[in-house]
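Understanding the architecture of this molecule
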Amino acid sequence: MEKRASWSGKWAFILAAAASAVGLGNMWRFPYLAAKYGGGTFLITYLVLVFTFGVSLLLLETALGRKTGQSAIGAFSSFGKKYTFIGVLASAVPFIITPYYCIIGGWVTKYMVSYLGAGPEALADGGEFFTGFITSNVESYIWMLVFMVLVFVVVGLGVKGGIEKANLVMMPALIVMAIAIAIYTLTMPGAIDGALYYLTPDFSKFSPELVISALGQMFYSLSLAMGIMITYGSYMRKQDSLTSSVVRIGGFDIGVSFLAGLMIVPAAFVAMGSGEAVAGSAGPSLMFITLPSVFVDMEGMAAVIGFVFFLLVLFAALTSAISLTETLVSIVQDGLKCTRAKALGIVIAFVVVVGAFINAGYNGLAFIEPLGAGTSMLDFADFISNSVMMPIVALLTCIFVGWIVKPKAIIDEVRVSSKFSAAGAWTVMIKYVAPVLVIVILVAYVAAQFG
Ligand code: PFF
């Protein structure tokens, strides 16, 4: 068998984990959740959750990966065959996410290119452009494939030669572009009021629903409960500190989400005129329909801002899709005991076929409405993976480590490379607090969907 891949050092790991974390979840989902749930109130809740629950789970997963030296399935089964199913369930999540993530990646690529070609006016037509594109029988598939090819090339070049290098270019570029666009948007007339709406806590908006949404967002954004951080931990060296790494990853992810909100919420505020209007209309269309209508008014700058904005979102989406695909490759490689090249071939075939099938949910197979009228197969894939499977995997993982393996095994692994003074609090989190919170999310989400 080929030797297992590994990171070239601690910073490569932090960058890769941050690149996996920072994605469409930060750029597209976080701003509309923040807008919907009263700005500052959501920000504070999210911050608290990331630095308690989120970082605890990140630490658990990376330590489990490094301790066992295996990706999710092997990691769980190394404690007994009967635990293999937890790893299988965790590994199933990226198999569902990757194909539909690439579809949205295709939309972003199409928008970016359209700012150069069709121009800002064509994109700002109140949604017709967007609907026309996703329902097209040929074009939507082509852009999905374009995005996929970019991802496959980088993964094909390997962990050090492809993924690390791509992250090293795309992540800093992403940050610079995000800061530049946030500054530019804040100079638009009326944008400061939008920024105040985003930043000022409105505690009357605090609700159980807000906490539940923030938790769901946190799982997705930190790439938790899907075997990714276990795999990434397994590539880590014994001498690199896990505690400082996970705190940095959490901080980086939240920093980018915050910046994304600062770009998008004030811009939407300018377009809609009030916080209530933004909150009322906040949803997935914020990025593809509302924002282009804001960009078009930036005289002289519309095409540039639109292009740079979608380029930065593309970078975020690409680095995440690369990490998702790498996880699939490592699962297949470990599962079939085959070469990396063969595993990649299988993964490419899977992602292309399933991606095309899910994409058909907007055109050829649009009559399939899995979650009720107006819903798509992409909505279904998103719902099953994020709202059902991820909480279940998180719950099982916490119970597994808290009650079966026992926290000491993980604490010992963490202590191989650093001090861990919060071990007591961490144990309480994993044994009691996290399982209860996760059950609450799970019940609430499913009830909201079918209730
Ligand atoms: N964390 C990514 C985001 O916020 O968009 C989504 C994601 C990426 C999930 C990579 C899983 C993953 F492996």
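Conventions used here
- Residues numbered from 1 in each chain as written.
- Predicted model: local features only at pLDDT ≥ 70, side-chain atom pairs only at ≥ 80, totals over all residues.
- Helix = DSSP H or I, 4+ residues; strand = E, 2+ residues; numbered from the N terminus.
- Rg over C-alpha atoms; globule rule 2.2 N^0.38 Å.
- Buried ≥ 20, exposed ≤ 12 C-beta atoms within 10 Å, placed from the backbone.
- Contact = placed C-beta atoms within 7 Å.
- Near = placed C-beta within 6 Å.
- Nonpolar A, V, L, I, M, F, W, Y, C, P; charged D, E, K, R; others polar.
- Core = buried A, V, L, I, M, F, W, Y, C linked by C-beta atoms within 7 Å.
- pLDDT = per-residue confidence, 0-100.
- Arc of directions from axis to C-beta.
- Axes fitted to C-alpha atoms, helices over the stretch in contact; angles between N-to-C directions.
- Parallel < 35°, antiparallel > 145°, perpendicular 65-115°, else oblique.
- Left-handed = near helix turned anticlockwise from the far one by under 90°.
- Bend = angle between axes of the 7 residues up to and from the residue.

Glancing now at the overall build of the chain. In terms of helices and strands, the chain carries 20 helices and zero strands. For 451 residues, the compact-globule estimate of 2.2 N^0.38 gives 22 Å, and the C-alpha radius of gyration of the chain, at 21 Å, lies within 12% of that figure. If one aligns the C-alpha atoms of the chain with their principal axes, the spans along those axes are about 60 × 50 × 45 Å. Evaluated residue by residue, the chain yields a buried proportion of 55% over its 451 residues. Across the chain, the fraction of contacts at a sequence separation of at least 24, relative to all contacts at a separation of at least 6, is 83%.

Turning our eyes to something else, we now look at the environment of V353. If you trace the backbone, V353 turns up in helix 17 (residues 340-360). Take V353: there are 11 C-beta atoms within 10 Å of it, and that puts it in the exposed class. When the C-alpha atoms of V353 and P99 are compared, they prove to be 8.5 Å apart, with 254 residues separating the residues in sequence.

What surrounds the ligand is a group of 17 residues, the closest being G23, G25, S223, I228 and S320. Only helix 1 (10-21), helix 2 (24-36), helix 5 (84-116), helix 11 (208-221) and helix 16 (302-336) provide two or more residues apiece to the shell around the ligand. For the shell around the ligand, the element with the highest residue contribution is helix 16, accounting for four residues. Each residue belonging to the shell around the ligand can be placed in one class, and the counts come to eight nonpolar, nine polar and no charged.

So, on to the nonpolar core. Residues V151, A268, V393 and A394 are the most contacted members of the largest nonpolar core, which totals 165 residues. Sort the elements by how many residues they give to this core and helix 16 lands first, with 19 residues. Once residues within four sequence positions are removed from consideration, V151 is found in contact with C102, L318, A321, I322 and T325.

When pLDDT is averaged across the chain, the result is 91; 98% of the residues are at 70 or more. Confidence estimates for the predicted assembly give a pTM of 0.91 and an ipTM of 0.94.

Time to look at helix 19 (residues 407-417). For helix 19, the complete set of buried residues consists of I410, E413, V414 and S417. On an axial view of helix 19, the arc spanned by its buried residues comes to 100°, and they lie on one face. Buried residues along helix 19 sit against helix 3 (40-68), helix 13 (242-272) and helix 18 (377-405).

Interaxial distance between helix 3 and helix 19 falls to 9 Å at its minimum, and their mutual angle equals 80°. As judged from the angle between their axes, helix 3 and helix 19 are roughly perpendicular. Listed contacts from helix 19 to L59, L60, A63, L64, R66 and K67 of helix 3 are I410, E413 and V414. Its residues assigned to classes, the contact of helix 3 with helix 19 comprises six nonpolar, no polar and three charged.

Here we come to unusual backbone geometry. Glycine aside, negative phi is the norm for most residues, and most peptide bonds take the trans geometry. Within the chain, S223 stands out as a residue other than glycine whose phi angle is a positive 55°. By the secondary structure assignment, S223 is in the loop between helix 11 and helix 12 (228-234). At A225, a position not held by glycine, the phi torsion is positive, near 55°. One can find A225 in the loop between helix 11 and helix 12.

Moving on, we get to the packing of helix 8 (residues 139-156) against helix 17. At a minimum axis distance of 11 Å, the contact between helix 8 and helix 17 shows a crossing angle of 160°. Here helix 17 runs roughly antiparallel to helix 8, going by the angle between their axes. For the element pair helix 8 and helix 17, the recorded crossing hand is right-handed. Between helix 8, through S140, Y141, M144, M148, F152, V155 and G156, and helix 17, the contact on the second element is made entirely by L344, I348, V351, V352, G355, A356 and N359. Among the residues making up the contact of helix 8 with helix 17, the classes are represented as ten nonpolar, four polar and no charged.

Residue M389 marks the point of greatest curvature in helix 18, where the axis turns by about 35°; the proline P391 follows within four residues. One or two positions beyond helix 18, positive phi appears at K406, with a value near 80°.

Looking now at the environment of A34. Tracing the backbone shows A34 in helix 2. Assessed through the 30 C-beta atoms surrounding it within 10 Å, A34 is described here as buried. Sequence separation of A34 and A178 is 144 residues, and the distance between their C-alpha atoms is 17 Å.

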